[in-house]
Amino acid sequence: MHTNIECKQCHKQFVKAVNFCGFCGASIQSTKVEKRNIALNLVIVFFITFLLFALAVYLINERLESSLVKELVIELAFASLVIGFSLFDWKAILKTYKVPKLSGNIWAWTFIIPILSSIVVYYFVNAMNTILFGDSDYSYFESYLYLDNPLPWAIFFVAILPPIFEELAFRGFLFNQLQKIVSERMTIVGTAFLFALVHFSLISFLWIFPFGLLLGYLRSKYKTLWLGIIIHFIHNLIIILWDYYDYQNLIHFLE
Amino acid sequence: MNEIIELQLFPSSCNHCSEIVSEEYVYCTYCGFPHNGTVKDLALYEKRIRDKDRTNEEAKRKIKNARNTLYVMSAITFLFGLFSFSGELGSALFTISTIQSIIYLVLAYWSTQKPLISLLLGLFLYLTIIIVSAVSDPGTIVRGIIFKVIIIAFLAKGIYSASSIKKISYAY
């Protein structure tokens, strides 16, 4: 794609890419550095906002009792933040919502990968937690037991909302901004690293980072968010159903 | 007809980098050399080169400082894990600190090749650790605040310096 480049000093236009203005000798690079720094600032502000939001959520959860309204407000706030940042780059992000024309093989792997990843994660996380903390009982499903219909709500909060908004945040907004700063490969590594960091567990980092690399690679190769959303959804859905199955077994055992 | 031929602009090679440059330009659009310029333009060009060299040297120094900050953080985190080993949850703290220390170490080493992304990720890791620590003990957010500000400042300076001297892709 050709973009007209303007010299900031003498305002002459160049159709072809140039390093220096042919009329006044000013460096055109400085304009590019400024553009890159705008994207860099956006990435930094986005991440700091995300961290502060996570801290606020923790403090709210500590002070307020569990309730559906609280959960919905937190999710709404997170969605608003992500959509708000995405508006800075909405045209480019909108393109990633086009459904790609892919072979049957790719679609098949899109369903197989999360099945494999959820099995690995389920056993790996349990094993690590047991070894390090002597406790492997954390259950996503059980944190929604206070609701009347815990399973549909758990699926909604764990399997449906995070894939939609986390993919938009990390493979959408963040991916596009990092692409303006560093190479495509480094963008995949960077988004995977940050995706792993915001799960706030260095143990989980060991599996979320490779998982993020895979999602980033798919986003880069097929220019779509849909593969990431589907993989993320199936992965989280299996984990929540597994938790539900374990819980049912425990209830039967206690009866 | 002759007049039209006279006005036509012929490209020529830059005296400095041999790149083909249109005669309508005073400066080479590739290296910035004033190949159609005056003595004054040449002096200005040389001053720009000197300024750029100085800026680049300064940027490299700041990147090096940021890299050393990551090495120091790696060592401190590892030592913290080592001293926590005997306490309650000692093995968990040791494992977490070791993972964190290795990540800092890898990022510091990686910054020799890809300073921008590695220092950026190093800064984000550090900020995340501050927030996670604040969650378990809110007092930690102000504890050692000067030390934290210094670390963040070193990393931020390194990041923006890496951004300013990063090779630019000319593919549009």
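Computed from a predicted model, the values in this text were never measured in an experiment.

(A) Up close: the overall build of chain A. Check the secondary structure of chain A and you find 8 helices and 2 strands. Mapped from its N terminus to its C terminus, chain A presents α and β elements in the order β-β-α-α-α-α-α-α-α-α. Counting only C-alpha atoms and orienting by the principal axes, one finds that chain A spans roughly 85 × 45 × 35 Å. Counting every position in chain A, which comprises 255 residues, the buried fraction comes to 47%. Contacts in chain A between residues far apart in sequence, at least 24 positions, make up 65% of those at least 6 positions apart. Within the structure as shown, chain A displays about 13100 Å² of accessible surface, and the carbon and sulfur contribution to it stands at 67%.

(B) Layout of the UniProt feature "domain: CAAX prenyl protease 2/Lysostaphin resistance protein A-like" (unreviewed entry) in chain A. Residues annotated in UniProt with the feature "domain: CAAX prenyl protease 2/Lysostaphin resistance protein A-like" (unreviewed entry) correspond here to residues 151-238 of chain A. Along residues 151-238 of chain A the backbone is 90% helical and 0% strand, and the end-to-end C-alpha distance reaches 12 Å.

(C) Geometry of the UniProt feature "coiled-coil region" (unreviewed entry) in chain B. The feature "coiled-coil region" (unreviewed entry), as annotated in UniProt, sits at residues 42-69 of chain B in this numbering. Segment residues 42-69 of chain B splits into 100% helix and 0% strand. End C-alpha atoms: 41 Å apart.

(D) Inspection of unusual backbone geometry at higher detail. Even without a glycine there, the phi angle at Lys223 of chain A is positive, about 55°. One can find Lys223 of chain A in the loop between helix H7 (202-222) and helix H8 (226-254). Accessibility expressed as a relative area gives 49% for Lys223 of chain A, which makes it partly exposed. Positive phi values are uncommon outside glycine, yet Ser18 of chain B reaches one of about 70°.

(E) Molecular detail of the UniProt feature "transmembrane region" (unreviewed entry) in chain A. Residue and element names in this part refer to chain A. As recorded in UniProt, the sites labelled "transmembrane region" (unreviewed entry) are residues 38-60, 72-94, 106-125, 153-174, 186-213 and 225-245. Helix makes up 100% of residues 38-60 and strand makes up 0%, while its end C-alpha atoms are separated by 32 Å. Here residues 72-94 is 87% helix and 0% strand, with 25 Å between the C-alpha atoms at its ends.

(F) Summary view of the environment of Pro163 of chain A. Residue and element names in this part refer to chain A. Within the fold, Pro163 resides in helix H5 (residues 150-181). The exposure class assigned to Pro163 is buried, which follows from its relative accessible area of 1%. The spacing of Pro163 and Ile234 is 71 residues in sequence and 9.3 Å in space, taken between C-alpha atoms. Those residues in contact with Pro163 that sit more than four places away from it in its chain are Val158, Ile229, His232, Phe233 and Asn236.

(G) Inspection of the UniProt feature "transmembrane region" (unreviewed entry) in chain B at higher detail. Residues and elements named next belong to chain B. Per the UniProt entry, the sites bearing "transmembrane region" (unreviewed entry) are residues 69-86, 92-110, 117-135 and 141-160 in this numbering. With 100% helix and 0% strand, the stretch residues 92-110 has end C-alpha atoms that lie 27 Å from each other. Along residues 117-135, the helical share is 100% and the strand share 0%, with 27 Å between the first and last C-alpha atoms.

(H) Looking closely at the packing of H7 of chain A against H8 of chain A. Residues and elements named next belong to chain A. One can describe the packing of H7 onto H8 by two numbers: an axis separation of 9 Å at closest approach and a directional angle of 150°. On the basis of their axis angle, the class for H7 and H8 is roughly antiparallel. Of H8, the residues touching H7 (which contributes Trp207, Phe211, Leu215, Leu218 and Tyr222) are Leu227, Gly228, Ile231, His232 and His235. By residue class, the composition of the contact of H7 with H8 is 7 nonpolar, 3 polar and no charged.

(I) Structural view of the interface of chain B and chain A. In this complex, chain B contributes 42 residues to the contact, which on the side of chain A involves 46 residues. Across the chain B/chain A interface, buried area totals approximately 4100 Å², and carbon plus sulfur atoms make up 74% of it. For the interface between chain B and chain A, the tally reads 0 salt bridges. For the pair chain B and chain A, the interface holds 10 residue pairs in polar contact (both at pLDDT 80 or more).

(J) Representation of the packing of aromatic side chains. All names here are of chain A. Applying the stated criterion across every chain, the model contains 30 aromatic pairs over all chains. Relative to Phe173, the ring of Phe85 lies with its centre 5.5 Å away and its plane at 55°, an arrangement referred to as tilted. You can see Phe85 sitting in helix H2 (residues 68-86) and its partner Phe173 sitting in helix H5, a full 88 residues away along the chain. The same class applies to Phe85 and to Phe173, which are both buried. Ring geometry for Phe141 versus Tyr244: centroids 5.0 Å apart, planes at 80°, classification edge-to-face. Placement of Phe141 in the loop between helix H4 (104-133) and H5 and of Tyr244 in helix H8 is noted, with a sequence separation of 103 residues between them.

What counts and how
- Residues numbered from 1 in each chain as written.
- Chains lettered and ligands numbered in written order.
- Predicted model: local features only at pLDDT ≥ 70, side-chain atom pairs only at ≥ 80, totals over all residues.
- Heavy atoms only, no water.
- Helix = DSSP H or I, 4+ residues; strand = E, 2+ residues; numbered from the N terminus.
- Buried < 20%, exposed > 50% of the residue type's maximum accessible area, 1.4 Å probe, protein only.
- Contact = heavy atoms within 4.5 Å.
- Areas by Shrake-Rupley, 256 points an atom, 1.4 Å probe, with all protein chains shown as cover.
- UniProt positions renumbered as here; feature names shortened; annotations may be inferred.
- Axes fitted to C-alpha atoms, helices over the stretch in contact; angles between N-to-C directions.
- Parallel < 35°, antiparallel > 145°, perpendicular 65-115°, else oblique.
- Nonpolar A, V, L, I, M, F, W, Y, C, P; charged D, E, K, R; others polar.
- Buried area = accessible area lost by both parts, 1.4 Å probe.
- Salt bridge = Lys/Arg side-chain N within 4 Å of Asp/Glu carboxyl O.
- Polar contact = N/O pair within 3.5 Å; in protein donor to acceptor, adjacent residues only side chain to side chain.
- Phe/Tyr/Trp six-rings, centres within 6.5 Å; stacked < 30°, edge-to-face > 60°.

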